[in-house]
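Here is what each chain is made of, one letter per residue.
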Amino acid sequence: MSLNYTTYVAQISNLMAAQSSTTQFQTMLPGCIDYAEQRMYRELDLLSTVVTDSTGSLTSGSRNFTLPTTSNGKFVTVQNINVITPTGSTTTTGTRRPLAPVDKSYLDSVWNSSSGSTVPKNFAMIDQWNIIVGPWPDDAYKVEVVGTIRPNPLSSTNTTTFLTTYLPDAFIAASMVFASGYMRDFGSQSDNPQQAQSWEAQYEALIKSAGMEEVRKKFAGPGWTSLSAIAVPPNK
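This section reports on the structure supplied with the text. The shown structure was predicted, so the numbers you read here are calculated from the model rather than taken from an experiment. (Residues numbered from 1 in each chain as written. Predicted model: local features only at pLDDT ≥ 70, side-chain atom pairs only at ≥ 80, totals over all residues. Heavy atoms only, no water.)

Things to note about the sheet that holds strand β3 (residues 75–85)
On the basis of which strands lie adjacent, the open sheet formed by four strands has the order β1-β8-β3-β4 and antiparallel pairing. Of all strands in the sheet, those with a lone pairing partner are β1 (50–57) and β4 (95–98), marking the two edges. If you compare each strand with its neighbour and ignore which way they point, the axes differ by 35° on average. Bridge count for β1 against strand β8 (residues 142–149) is six bridges, and the pairing is antiparallel. In the strand pairing of β8, Val51 is matched with Gly147. (Pairing = 2+ DSSP bridges. Helix = DSSP H or I, 4+ residues; strand = E, 2+ residues; numbered from the N terminus. Axes fitted to C-alpha atoms, helices over the stretch in contact; angles between N-to-C directions.)

Dropping the structure here:
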């Protein structure tokens, strides 16, 4: 059964045997949600967090490009960067030219000036938000960035997420790992493992199956298919 914010809070408070209206619970809740969401997003690499943004453009004569902030947030990881040619074209009317990722030292050595500017072929990450390209662009080409973002967290105003809809069991388990630390303090978990460590074991089992499902979504399952296993015909 999928969850929403109200049913999630009700389940967590019930499992904790705590009143959800108390100041202590309300103070704990945002941290509980953040812990569960961040852990699951990092471990699962969900297809649902992949977005495409083509609002940015290169600057003629400059190799620097700042990754755009999408309507859903900032990029956490970058999967693909495509330059759209010719200039003035959109992603539907132009041609995508994928940039190959390289090390910054390669671009500094091979494409170290604006001499010979043309359509870029490579890019290198400079920091979380900025890249450089090479060769240096000779025009203001549109750029398409594909990567992962962190979705808006579950809250009273954002009442459902992918995690609460499709992975409610694992989300509850991850939340209870944090909640157990709140109830018993993290230092005592190793001394009294029955609660926190039990939830951790349950979470690990659930996240494993969720991870396999994500692999199948990407057609990276057995034999590069979306199947969980390849059927073998019986011997005749």
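Here's the deal with the nonpolar core
Judged by nonpolar contacts, the single largest core of 32 residues is most densely connected at Tyr8, Met40, Leu163, Leu167 and Phe171. Of all the elements in the fold, those that place two or more residues in this core are α1 (5–16), α2 (23–44), α4 (162–166), α5 (168–184) and α6 (196–217). When residues in this core are grouped by element, the largest group, nine residues, is from α2. Here Met40 is in contact with Leu163, Leu167, Ala170, Phe171, Ala174, Tyr203 and Ile207, once residues within four sequence places are set aside. (Core = buried A, V, L, I, M, F, W, Y, C linked by side-chain atoms within 4.5 Å. Buried < 20%, exposed > 50% of the residue type's maximum accessible area, 1.4 Å probe, protein only. Contact = heavy atoms within 4.5 Å.)

Comments concerning the packing of aromatic side chains
Scanning the entire structure with this criterion turns up three aromatic pairs. Note on Tyr35 and Phe178: the rings are 5.7 Å apart at their centroids and 40° apart in plane angle, and the pair reads as tilted. Taken together, the residues Tyr35 in helix α2 and Phe178 in helix α5 connect sequence positions 143 residues apart. A relative accessible area of 26% means that Tyr35 is categorised as partly exposed. Of note, Lys74 hangs over the ring of Trp129, and the distance from its end group to the ring centre comes to 4.9 Å. (Phe/Tyr/Trp six-rings, centres within 6.5 Å; stacked < 30°, edge-to-face > 60°. Lys NZ or Arg CZ within 6 Å of the ring centre and 35° of its normal.)

Focus on the packing of α1 against α2
Where α1 meets α2, the closest approach of the two axes is 12 Å, and the angle between their N-to-C directions is 110°. The pairing of α1 with α2 is recorded here as roughly perpendicular in orientation. As α1 packs across α2, the resulting crossing turns out to be right-handed. Along the contact surface, α1 presents Tyr5, Tyr8, Val9, Ile12, Ser13 and Met16, while α2 presents Phe25, Met28, Leu29, Cys32 and Ile33. (Parallel < 35°, antiparallel > 145°, perpendicular 65-115°, else oblique. Left-handed = near helix turned anticlockwise from the far one by under 90°.)

Quick notes on the pairing of β3
Pairing analysis gives eight bridges linking β3 to β8, with the strands arranged antiparallel. What sits directly across from Thr77, in β8, is Thr148. Two strands pair when backbone bridges link them, and β3 and β4 are joined in this way by four bridges, in the antiparallel orientation. Residue pairing in the sheet places Ile84 in a bridge with Arg96 of β4.

Looking at the environment of Val110
Position of Val110 among the secondary structure elements: in helix α3 (residues 104–110). With a relative accessible area of 39%, Val110 lands in the partly exposed category.

Let's talk about the side chain of Thr49
Checked against the element boundaries, Thr49 lands in the loop between α2 and β1. There is a polar contact of 2.7 Å between the side chain of Thr49 and the backbone oxygen of Leu46. Not counting residues within four places of it along the chain, the set of residues in contact with Thr49 comprises Tyr41, Gly147, Thr148, Ile149 and Pro151. (Polar contact = N/O pair within 3.5 Å; in protein donor to acceptor, adjacent residues only side chain to side chain.)

Let's talk about the pairing of strand β6 (residues 122–125)
One ladder, built from two bridges, connects strand β5 (residues 100–101) with β6; its direction is parallel. Each bridged residue has a counterpart across the sheet, and for Ala100 the counterpart in β6 is Asn122. For the handedness criterion, the β-α-β arrangement of β5, α3 and β6 is classed as right-handed. By the bridge criterion, four bridges tie β6 to strand β7 (residues 130–134) in an arrangement that is antiparallel. Bridge pairing in β7 links Asn122 to Gly134. The turn linking β6 back onto β7 is made up of four residues. (Right-handed = clockwise from strand over helix to strand, strands pointing away.)

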